[in-house]
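Chain by chain, the residues run as shown.
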Amino acid sequence: MKKVPYASAVGSLMYAMVCTRPDIPHAVGVVSRFLSNPSKEHWSAVKWILRYLKGTSSFSLCFGNNKPVLDGYIDADMAGDVDSRKSTSGYLMKFAGGAVSWQSRLQKCVALSITEAEYIALTKGGKELLWKKKFLHELGLVQENFMLHCDSQSAIHLSKHPTFHSRSKHIKVRYQWIRDAMEMKSFVVKKIHIDDNVSDMMTKPLPREKFEFCRREAGLSGPPKLKLTC
């Protein structure tokens, strides 16, 4: 493995992931955890990602299909990293039908429940949405409501009702920021069905149909197919 350009290949994947490919952050995040000591299985995974990118090299982010509205989606898995047992947070921000920012990253602390993992992801996504909101205001764009979609009802209740303090007092103070943001009505957190959550592909492997749905909803699509007529 010393002769294999593993770090260089993963770095190239990261460049594509950050710039124009919101469909590979989870996969790239997994293989990037083994930069110091990769194995043949990890190198095989990197080559599979490269094959996927080659097969979808004509795909691009498309905007303008919907109204110029900013909304966000967040998701989290539960103890997805088998080594540290940390969960993965993911968010995806859409504007005018296409993804404008996205992230998939291991959480800094071990979550004790799926509610806590979703709550931490909700805070991360809320910060990103608030930054995008201020940026759009500087550009002169006025939007009535900024929606942040979450598929965890318990995490939404935890962000709105401090009475759950006895169950969440161990959560770090910095993640309680979401409660202040909700009280100031900086944005609105809305429940979304898990089948419609675009950010699912940021946190876990998905079946092909669900993955293609998330990719399409993120605005990533290939060239239109030409219809041949006789």
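Before any of the text, the structure's been laid out above.
Our subject in this report is the structure included herewith. Note on numbering: residues in each chain are counted from 1, in written sequence order. For this predicted model, a pLDDT threshold of at least 70 governs which residues receive local features, and a threshold of 80 or more governs which side-chain atom pairs are given and counted, while totals over whole chains, interfaces and linings are taken from all residues. Each side-chain value is derived from all of the structure's non-hydrogen atoms; neither hydrogens nor water enter the calculation.

Let's talk about the overall build of the protein
We count a stretch as a helix when DSSP gives it H or I for four or more residues in a row; a strand needs E for two or more, and each element gets its number in order from the N terminus. Across its full length, the protein carries eight helices and seven strands. In terms of its C-alpha atoms, the protein occupies a principal-axis envelope of roughly 55 × 50 × 30 Å. In the protein, which comprises 230 residues, the share counted as buried stands at 45%. Contact between two residues is taken to exist if any of their heavy atoms lie within 4.5 Å; hydrogens are not considered. When contacts within the protein are restricted to residue pairs at least 6 apart in sequence, those whose partners lie at least 24 apart make up 70%. Accessible area for the protein stands at about 13,200 Å²; split by element, carbon and sulfur atoms hold 58% of it. Under this rule, positive means Lys or Arg and negative means Asp or Glu; His and the chain ends count for nothing. The atom standing in for a charge is NZ when the residue is Lys, CZ when it is Arg, CG when it is Asp and CD when it is Glu. Counting 35 positive and 21 negative side-chain charges, the protein places the averaged centre of each group 5 Å from the other. With a 1.4 Å probe rolled over the protein chains alone, any residue whose accessible area is under 20% of its type maximum counts as buried; one over 50% counts as exposed, and the rest are partly exposed. Each accessible area value is a Shrake-Rupley result obtained with a 1.4 Å probe; residue values ignore everything except the protein chains displayed when judging cover.

Points about a positive patch on the surface
Grouping into patches uses exposed residues only, defined as over 30% relative accessible area, and leaves out salt-bridged ones; the cut-off is 9 Å for like charges and 5 Å for nonpolar side chains (Val, Leu, Ile, Met, Phe, Trp, Tyr). What counts as a salt bridge is simple: a side-chain nitrogen of Lys or Arg found within 4 Å of a carboxyl oxygen of Asp or Glu. A contiguous patch of positive charge on the surface is contributed by R105, K108, K124 and K127. Relative to the helices and strands, K127 resides in helix α4 (residues 114–138).

Comments concerning the environment of R85
By secondary structure assignment, the location of R85 is in the loop between β2 (70–76) and β3 (88–95). Its relative accessible area of 41% is what places R85 among the partly exposed residues. Spatially, the C-alpha atom of R85 lies 6.5 Å from that of V110, the residues being 25 residues apart in sequence. Those residues in contact with R85, other than ones at most four positions away along the chain, are A79 and V110.

Considering the sheet that holds β3
Two strands qualify as a pair provided that DSSP identifies no fewer than 2 bridges between them. The strand order β4-β3-β2-β5-β6 describes an open sheet built from five strands, whose pairing is mixed. Two strands close off the open sheet at either side, each with one partner strand: β4 (98–106) and β6 (188–191). Neighbouring strand axes in the sheet, compared pairwise and without regard to direction, differ in orientation by 20° on average. Relative to β6, strand β5 (residues 147–150) runs parallel, the two being bridged by four bridges. Bridge pairing links H149 to K190 in β6. Angular values range over 0 to 180 degrees, each being the angle between N-to-C directions of two axes fitted as lines to C-alpha atoms, with helices fitted over their stretch in contact. Docked against the sheet, α4 engages β2, β3, β4, β5 and β6, running at close to 160° with respect to β2.

Considering the nonpolar core
As a rule of thumb, nonpolar side chains are buried together in soluble globular proteins. To define a nonpolar core, start from buried Ala, Val, Leu, Ile, Met, Phe, Trp, Tyr and Cys residues and group those joined through side-chain atoms within 4.5 Å. Residues I74, L122, L129, L148, F187 and V189 are the most contacted members of the largest nonpolar core, which totals 23 residues. Mapped by element, the contributors of at least two residues to this core are β2, β3, α4, β5, α5 (153–160) and α7 (177–183). Looking at this core element by element, the count peaks at six residues for α4. If we ignore the near neighbours within four places in the chain, the residues touching L122 are I74, L148, C150, A155, S159, I178 and V189.

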